Amino acid sequence: MPTPAAVLKRRLRAFEARAAELRERIAALQEEVAQVDAEIVRWRIGSEIWDEVEQEVRGDGGRAAASRGLAVPAGETTPGAVVDDGSGAASDPEGRPRYVPHRSENGDPAGLPGLYEKIVEFVRGAPGPVRTRDVARALFGEGASRTRMEGVRGQLKRLVRQEWLVSVDGREFTAAA
């Protein structure tokens, strides 16, 4: 007949084995979720492009792209369209900034659109240089997908071009002085 200590040890090993098995399943599911999230982003972008092309074919002359704040190529500008001068600071025909304006003297990020303001505030509050994954995790949590990290990398680079942030090597970012 087994001793109580032997029974306890056997049950403990069984629970530990079950916990390890569940951790493996969780890791596999997290990887699958990341892949599905990437596909969702891909299909959403494709759908938006399809809508733009379809409206252009119908003859709206680029108004669909302009209504979403997207740059319309030169020669296709319509009233209310966004003009992209190539600097990353798109503006409407009157010259007002629509995306990331060049950093002004006061450097107040409150005028930045969307996540750009949050990115600048996070980088300013960081004790040292930050990497893309640090910013993505701060914005989207620990499960930030590769797709989101690439989007954040593009936003960081645009903020560098517009002199909101500084990067020596393109990997680590600090706030502009």
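In case you missed it, the structure is sitting above this.
Residues numbered from 1 in each chain as written. Predicted model: local features only at pLDDT ≥ 70, side-chain atom pairs only at ≥ 80, totals over all residues. Heavy atoms only, no water.

S.K.: Honestly, unusual backbone geometry in this entry has me stumped. Any pointers?
M.R.: Trans peptide bonds make up most of the peptide bonds, and negative phi angles are found at most residues other than glycine. In this structure, E163 takes a positive phi of about 65° despite not being glycine. Mapped onto the secondary structure, E163 falls in the loop between α5 (146-161) and β2 (165-166). Overall, E163 belongs to the partly exposed group, its relative accessible area being 44%. (Helix = DSSP H or I, 4+ residues; strand = E, 2+ residues; numbered from the N terminus. Buried < 20%, exposed > 50% of the residue type's maximum accessible area, 1.4 Å probe, protein only.)

S.K.: What's the story with the nonpolar core in this structure? I'm lost.
M.R.: One broad rule of soluble globular proteins: the nonpolar side chains tend to lie buried together. Of all hydrophobic cores here, the largest spans 17 residues; its most connected members are L112, I119, V135, L156 and L159. If sequence neighbours within four positions are ignored, V135 has contacts with I119, F122, V123, V130, V152 and L156. (Core = buried A, V, L, I, M, F, W, Y, C linked by side-chain atoms within 4.5 Å. Contact = heavy atoms within 4.5 Å.)

S.K.: Would you mind going over the environment of V160 with me for this structure?
M.R.: Counting through the fold element by element, V160 comes out in helix α5. Assessed through its relative accessible area of 25%, V160 is described here as partly exposed. V160 has contacts with L165, V166, S167 and F173, leaving out every residue within four places of it along the chain.

S.K.: Can you walk me through the pattern of salt bridges in this structure?
M.R.: Where side chains of opposite charge bring their charged atoms close, a pairing between them can arise. Under the defined criterion, the tally for this structure stands at 6 salt bridges. Notably, a salt bridge pairs E142 with R137, separated by 3.9 Å at the nearest N-O pair. E142 gets classed as exposed once you look at its relative accessible area, which sits at 65%. For R137, a relative accessible area of 34% corresponds to the partly exposed category. Among the charged side chains, a salt-bridge network with shared partners connects R146, E150 and R153. (Salt bridge = Lys/Arg side-chain N within 4 Å of Asp/Glu carboxyl O.)

S.K.: Explanation requested: a nonpolar patch on the surface in the structure shown.
M.R.: Taken together, the side chains of V41, I45, I49, V53 and V57 present a nonpolar region at the surface, about 430 Å² in accessible area. Here I45 shows up in helix α1 (residues 4-58). (Patch = residues over 30% accessible without salt bridge, like charges linked within 9 Å, V, L, I, M, F, W, Y side chains within 5 Å. Areas by Shrake-Rupley, 256 points an atom, 1.4 Å probe, with all protein chains shown as cover.)

S.K.: Quick question: what am I supposed to make of the packing of helix α3 (residues 114-125) against α5 here?
M.R.: Helix-helix packing is characterised by the crossing angle of the two axes and by the distance between the axes. For the pair α3 and α5, the least separation of the axes is 11 Å and the interaxial angle reads 75°. Judged on the interaxial angle alone, α5 and α3 are roughly perpendicular. Two secondary-structure elements touch here, α3 through L115, Y116, I119 and V120 and α5 through Q155, L156, R158 and L159. When the residues that make up the contact of α3 with α5 are grouped by side-chain class, the tally is 6 nonpolar, 1 polar and 1 charged. (Axes fitted to C-alpha atoms, helices over the stretch in contact; angles between N-to-C directions. Parallel < 35°, antiparallel > 145°, perpendicular 65-115°, else oblique. Nonpolar A, V, L, I, M, F, W, Y, C, P; charged D, E, K, R; others polar.)

S.K.: Would you mind going over the packing of helix α4 (residues 132-140) against α5 with me for this structure?
M.R.: Where α4 meets α5, the axes come as close as 9 Å, and the angle between the chain directions of the two elements is 110°. By the angle class used here, α4 and α5 are roughly perpendicular. The two elements α4 and α5 cross, and the hand of that crossing is right-handed. For the pair α4 and α5, contact is made by T132, R133, V135, A136, L139 and F140 and by R148, M149, V152, R153 and L156, respectively. (Left-handed = near helix turned anticlockwise from the far one by under 90°.)

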